[in-house]
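What follows is the residue order along each chain.
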Amino acid sequence: MKKVPFVTKEQLEEIAKVYPTPFHLYDEKGIRANAKALREAFSWNPGYKEYFAVKATPNPFLMEILKEEGCGCDCSSYTELMLSDAVGVNGHDIMFSSNDTPEEDFKLADKLGAIINLDDITHIDFLEKTIGHIPETISCRFNPGGVFLISNGIMDNPGDAKYGMTTEQLSEAFRILKEKGAKVFGIHAFLASNTVTNEYYPVLAKILFEQAVKLKQETGVHIGFINLSGGIGIPYRPEQEQNDIYAIGEGVRRVYEEVLVPAGMGDVAIYTELGRYMTGPYGCLVTKAIHEKHTHKEYVGVDACAVNLMRPAMYGAYHHITVAGKENEPCDHMYDVAGSLCENNDKFAIDRMLPEIEKGDYLVIHDTGAHGFSMGYNYNGKLKSAELLLCKDGGVKLIRRAETPADYFATFDCFEVGKKLI
Ligand SMILES: *Cc1c(COP(=O)(O)O)cnc(C)c1O
């Protein structure tokens, strides 16, 4: 499918007059419509809830929009918990799915009344010692090991993943937790990431539902919810076909009817913790071409770099690029699109066929709405960009200002020279 940006060149020129490039821009309309469709796809399950994975795009303005669309928050750290609380998402509207968890994090999660999802059996003891009790509602993260298969092959390798408990540990954990007073139990598993197939959730659901039936029979606990976690992906490449969320919801419903209902577990709520799927396609990184270089290859130098979007440098991930205003021109030039870091992997695209790029052109880097800005860092003393929201009324709102040198030097306040710099 041809990938078209959600903004035009004319809009970008107007925005750039006020907010210089680079910046991340998010599309409120797209985020809301997508969240509605997800809710609809799972509306067959009365207890259904999406807990937005805050780490994907930890911006309170976007979290508020998702809250209005009925989402809770999936957090995994102290500051993510603080952010959720700041937008008024707390209590059981927070799922705390952390791993290698520090004491302070469990304390805050408990204080906010979050549902705590334990990554390991040893965390039962750790949690009890840390917060002084075991919550009535508790969840455990499952890792069946081995490889995760769907019809066309291996999808991921849970056996190599650091997360979750083994089958035996899960039963044991439920027994211990029940003895310690837990009443409502959940199970959770995240077995494959960025899946672009309608099969992932139904196959995962089957594994979890069967496990839940077994756990109920073995330990007699009440399973209140099953958390399918994140992992529904987006088509980063134009040739990929996008997931059909209605087919996915229906696929999960069928497995629910097949496995849970006959076991007398037709009251189990389904939860999800999607991140990428919720915001990924509804954000882009806008950057300006500031140099061209003709050496052994053809380079376009832009004013963004890997600190603004790490995925291409880190994973070799593909992000589609549109040259604003040249949407319909032939892609007859091959470029490496590079940022300014002193790192040769700081390239948004390698050997990419694009229309001829001139200095001053705006490049729209697609699908940066999740795991984009949030993975940013400050290498080479580079500063993080602004985040802007294209509101549903067509206006543009600053939802995070760009960093300034003062922000960069702020943590040197312990050092004389730091004070001078600021
Ligand atoms: C990262 C993460 C998610 C979200 O993953 P996506 O791939 O963005 O959907 C959900 N749950 C947990 C525990 C995670 O670590």
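Residues numbered from 1 in each chain as written. Predicted model: local features only at pLDDT ≥ 70, side-chain atom pairs only at ≥ 80, totals over all residues. Heavy atoms only, no water.

> In this structure, what is going on with the side chain of His320? I would like to understand it.
Structurally, His320 is set in the loop between α11 (311-315) and β14 (321-323). Looking at His320, its side chain comes within polar contact range of the side chain of Tyr318, at 2.7 Å. (Helix = DSSP H or I, 4+ residues; strand = E, 2+ residues; numbered from the N terminus. Polar contact = N/O pair within 3.5 Å; in protein donor to acceptor, adjacent residues only side chain to side chain.)

> Would you explain a nonpolar patch on the surface in this entry?
A contiguous nonpolar patch, built from Val147, Leu149 and Ile154 and spanning about 290 Å² of accessible area, is present on the exposed surface. Take Leu149: it is sitting in strand β7 (residues 148-150). (Patch = residues over 30% accessible without salt bridge, like charges linked within 9 Å, V, L, I, M, F, W, Y side chains within 5 Å. Areas by Shrake-Rupley, 256 points an atom, 1.4 Å probe, with all protein chains shown as cover. Salt bridge = Lys/Arg side-chain N within 4 Å of Asp/Glu carboxyl O.)

> Would you take a moment to explain the domain arrangement of the protein chain for this structure?
One frequently used descriptor of interface size is the decrease in accessible area upon assembly of the parts. The domain boundaries assigned to the protein chain delineate domain 1 (28-280) and domain 2 (282-412). Computed from C-alpha coordinates alone, the two centres of domain 1 and domain 2 are separated by 32 Å. Contacts between domain 1 and domain 2 engage 25 residues on the former and 21 residues on the latter. In total, domain 1 and domain 2 occlude about 2,000 Å² of area from one another, counting both sides; carbon and sulfur atoms represent 56% of this. Connecting domain 1 to domain 2 are 1 salt bridge. Its salt-bridge partner being Glu28, residue Lys392 comes within 3.9 Å of it at the nearest N-O pair. Our enumeration of links across domain 1 and domain 2 arrives at 14 residue pairs in polar contact (both at pLDDT 80 or more). At the level of secondary structure, the elements contributing two or more residues to the side of domain 1 that touches domain 2 comprise α2 (28-41), α3 (60-68) and α10 (276-279). Across the side of domain 1 that touches domain 2, the residue classes tally to 12 nonpolar, 7 polar and 6 charged. (Domains from an automatic or database assignment. Contact = heavy atoms within 4.5 Å. Buried area = accessible area lost by both parts, 1.4 Å probe. Nonpolar A, V, L, I, M, F, W, Y, C, P; charged D, E, K, R; others polar.)

> Just to check I follow, could you spell out the sheet that holds strand β5 (residues 115-118) for this structure?
By way of backbone hydrogen bonds, the strands of a sheet pair with one another, either parallel or antiparallel. The parallel closed barrel is built from 8 strands, whose spatial order is β2-β3-β4-β5-β6-β9-β10-β11. Mean inter-strand twist for the sheet, computed between neighbouring axes without regard to direction, equals 25°. Packed onto the sheet, helix α4 (residues 78-86) meets β3 (72-75) and β4 (94-97) and runs at close to 170° relative to β3. Packed onto the sheet, helix α8 (residues 200-219) meets β9 (184-188), β10 (222-227) and β11 (269-272) and runs at close to 165° relative to β10. (Pairing = 2+ DSSP bridges. Axes fitted to C-alpha atoms, helices over the stretch in contact; angles between N-to-C directions.)

> Can you help me understand the pattern of salt bridges in this one?
Pairs can form between side chains of opposite charge once their charged atoms are near each other. According to the stated counting rule, one finds 24 salt bridges in the structure shown. Salt-bridge contacts for Arg175 lead to Glu172; the nearest nitrogen and oxygen are separated by 3.7 Å. Of the two residues, Arg175 and Glu172 both sit in helix α7 (residues 167-179), 3 residues apart, roughly one turn of that helix. Overall, the relative accessible area of 39% leaves Arg175 in the partly exposed class. A salt bridge links Arg400 to Glu387; the shortest N-O distance between them is 2.7 Å. Placement of the pair is Arg400 in strand β19 (residues 396-400) and Glu387 in strand β18 (residues 386-390), with a sequence separation of 13 residues. Looking at Arg400, the relative accessible area reads 31%, which means it is partly exposed. With a relative accessible area of 1%, Glu387 lands in the buried category. Via salt bridges that share partners, Glu28, Arg32, Lys36, Arg39, Glu68, Glu69 and Lys392 belong to a single interconnected network. (Buried < 20%, exposed > 50% of the residue type's maximum accessible area, 1.4 Å probe, protein only.)

> In this structure, what is going on with the pairing of β19? I would like to understand it.
Two faces belong to every sheet, and in a regular strand the side chains alternate between them. Two strands pair when backbone bridges link them, and β18 and β19 are joined in this way by 4 bridges, in the antiparallel orientation. Across the sheet, residue Leu389 finds its bridge partner in β19, namely Lys397. Counted between consecutive antiparallel strands, the loop separating β18 from β19 contains 5 residues, among which Gly394 sits at a positive phi close to 95°.

> Could you clarify how one ought to interpret the site of the ligand in this entry?
Neighbouring the ligand are 14 residues; Lys55, Gly231, Glu273, Arg276 and His371 lie closest to it. Note that an oxygen atom of the ligand is positioned 3.1 Å from one of the backbone N or O atoms of Gly275. Within the contact set of the ligand, an oxygen atom lies 2.8 Å away from a backbone nitrogen or oxygen of Arg276. With the chains in place, 91% of the 390 Å² that the ligand exposes on its own is no longer accessible. For the shell around the ligand, the class distribution of residues is 3 nonpolar, 6 polar and 5 charged. (Near = heavy atom within 4 Å.)

> Please clarify how the confidence of the model for the protein chain should be interpreted in this entry.
As a general rule, the predicted coordinates of low-pLDDT regions are not to be interpreted in detail. This prediction gives the protein chain a mean pLDDT of 96; 99% of its residues lie at or above 70. In the model of the protein chain, helix α13 (residues 416-421) stands out as the element of lowest mean pLDDT, 63, in contrast to strand β1 (residues 23-27), which has the highest, 99. (pLDDT = per-residue confidence, 0-100.)

> Would you mind showing me how to read the packing of helix α5 (residues 103-111) against helix α6 (residues 122-131) here?
Geometrically, a packed helix pair is captured by the angle between its two axes and the distance between the axes. Contact geometry of α5 with α6 gives a least axis separation of 9 Å together with a crossing angle of 70°. As far as their axial angle goes, α6 and α5 are roughly perpendicular. Seen from above, α5 lies across α6 with right-handed handedness. Taking contact as the criterion, the partners of Glu103, Phe106, Lys107 and Asp110 in α5 are, on α6, His123, Phe126, Leu127, Thr130 and Ile131. Of the residues contributing to the contact of α5 with α6, the split by class is 4 nonpolar, 2 polar and 3 charged. (Parallel < 35°, antiparallel > 145°, perpendicular 65-115°, else oblique. Left-handed = near helix turned anticlockwise from the far one by under 90°.)

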